[in-house]
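The residues making up each chain are set out below.
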Amino acid sequence: MEIANNIRKIRRKIKAAEKKYHREENSARLIAVSKTRKIEEIISAINENQRHFGENYCQEAIEKIRAITEPGIVWHFIGPIQSNKTNQIARYFNWVHTVDRIKIARRLDKMRPENMPPLNVCIQVNTSGEITKSGISIEEIEDFIDEIKDYKHIKVRGLMSLPEIKSNIDEQRDSFLSLKKVFNQLKKNKPELDTLSIGTTLDMEAAIAEGATFVRIGTAIFGSRNI
Ligand SMILES: *Cc1c(COP(=O)(O)O)cnc(C)c1O
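Residues numbered from 1 in each chain as written. Predicted model: local features only at pLDDT ≥ 70, side-chain atom pairs only at ≥ 80, totals over all residues. Heavy atoms only, no water.

## Side note on the overall build of the protein
Here's step 1: A count of helical and extended segments in the protein gives nine helices and eight strands.
Here's step 2: In terms of C-alpha radius of gyration, the protein reaches 17 Å, essentially the compact-globule figure of 17 Å for 227 residues.
Here's step 3: The dimensions of the protein, computed from C-alpha atoms along their principal axes, are 45 × 40 × 30 Å.
Here's step 4: Looking at the 227 residues of the protein, the share that counts as buried comes to 51%. (Helix = DSSP H or I, 4+ residues; strand = E, 2+ residues; numbered from the N terminus. Rg over C-alpha atoms; globule rule 2.2 N^0.38 Å. Buried < 20%, exposed > 50% of the residue type's maximum accessible area, 1.4 Å probe, protein only.)

## Digging into the site of the ligand
Here's step 1: Surrounding the ligand, one finds 13 residues, the nearest of these being K35, N56, T201, G218 and T219.
Here's step 2: Relative to its free-state accessible area of 390 Å², the ligand is covered by the protein chains to the extent of 89%.
Here's step 3: Counted by class, the shell around the ligand contains five nonpolar, five polar and three charged residues. (Near = heavy atom within 4 Å. Areas by Shrake-Rupley, 256 points an atom, 1.4 Å probe, with all protein chains shown as cover. Nonpolar A, V, L, I, M, F, W, Y, C, P; charged D, E, K, R; others polar.)

## Some thoughts on the pattern of salt bridges
Here's step 1: This model, assessed by the stated rule, comprises twelve salt bridges.
Here's step 2: Two residues, K190 and E142, come together in a salt bridge whose shortest N-O distance is 3.5 Å. Of this pair, K190 sits in the loop between α7 (169-189) and β7 (195-197) while E142 sits in helix α6 (residues 141-148), and the two are 48 residues apart along the sequence.
Here's step 3: A salt bridge links D194 to R157; the nearest nitrogen and oxygen atoms lie 3.0 Å apart. Residue D194 is located in the loop between α7 and β7, and its partner R157 is located in strand β6 (residues 154-160); the two are separated by 37 residues in the primary sequence.
Here's step 4: Salt bridges here are not isolated pairs; linked through shared partners, they connect E142, D146, K149 and K190. (Salt bridge = Lys/Arg side-chain N within 4 Å of Asp/Glu carboxyl O.)

## Some thoughts on the packing of aromatic side chains
Here's step 1: For the structure on display, the rule yields three aromatic pairs.
Here's step 2: A centroid spacing of 5.7 Å and a plane angle of 35° characterise the contact between F53 and W75, whose relative ring orientation is tilted. Here F53, found in strand β2 (residues 52-55), pairs with W75, found in strand β3 (residues 74-77); they are 22 residues apart in sequence, far enough to count as distant. (Phe/Tyr/Trp six-rings, centres within 6.5 Å; stacked < 30°, edge-to-face > 60°.)

## Section: unusual backbone geometry
Here's step 1: For N26, which is not glycine, the phi torsion reads 65° and is therefore positive.
Here's step 2: One can find N26 in the loop between α1 (2-20) and β1 (29-33).

## Re a negative patch on the surface
Here's step 1: On the surface, a cluster of negative charge is made up of E139, E140, D143 and E147.
Here's step 2: Residue placement: D143 occurs in helix α6. (Patch = residues over 30% accessible without salt bridge, like charges linked within 9 Å, V, L, I, M, F, W, Y side chains within 5 Å. Lys, Arg positive; Asp, Glu negative; His and termini not counted. Charge placed at Lys NZ, Arg CZ, Asp CG, Glu CD.)

## Side note on the environment of W75
Here's step 1: For W75, a relative accessible area of 4% translates into the label buried.
Here's step 2: As a C-alpha pair, W75 and S167 span 92 residues in sequence and 30 Å in three-dimensional space.
Here's step 3: Leave out the neighbours within four places in its chain, and W75 touches S34, I42, F53, E55, I65, I68, Y92, F93, N94 and W95. (Contact = heavy atoms within 4.5 Å.)

## Looking at helix α2 (residues 39-47)
Here's step 1: Those residues of α2 not exposed but buried are E41, I42, A45 and I46. What you see down the axis of α2 is that its buried residues fit within an arc of 145°, all on one side. Turned more than 90 degrees off the buried face of α2, the exposed positions are E40 and N47.
Here's step 2: Contacts made by the buried residues of α2 are with α1, β2, α3 (58-67), β3 and α9 (219-222). (Arc of directions from axis to C-beta.)

Written out as structure tokens, the structure reads:
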């Protein structure tokens, strides 16, 4: 009940932010971040018509993906990638948001099964003051994309970041601004880039203001986590 209500509430907030910042309706899509959540909780979200889910831990995620047979669910890997997990990530997920090493991109490409569509990939960028040490710098993005753009089994879709949460919306927007600028610059030569994966529970509005095409929301949907 509560999960369904939370999803409806988040959808209303997304819609309001799209309007406020002159974004097209439904241009910011919702990924429900279901790490550490039980299958039943995910099912509650699915019953509310949620289709995109984000997971951080490979083993835990694969158990859920295998158990949930509902058609049309889109699974996003949003955690740090260990190279010995690339095989499973390439087999089970539709999207990976956290690619920040060529070696990982190469392995995902090699391990994506031939009979599946290309794996959608975002490059994780560290715009300074990130929560984790993951991500390449803004200066490295273009070369990184050029290096992997001809890989046959992955498809570079855009950029992702996870900045430290600032206390007010103007500072939050500042955290996303440099990423948005390079994203718009890159799109001039690479029109296939269509994804900006930014924004969590605490900075969702700022992310939508700065052009998020996916927001990744956990706490506001499923409640607070222990980890
Ligand atoms: C956990 C996580 C989220 C969701 O954060 P909430 O604050 O719970 O909304 C989003 N993105 C990434 C990469 C995460 O690891």
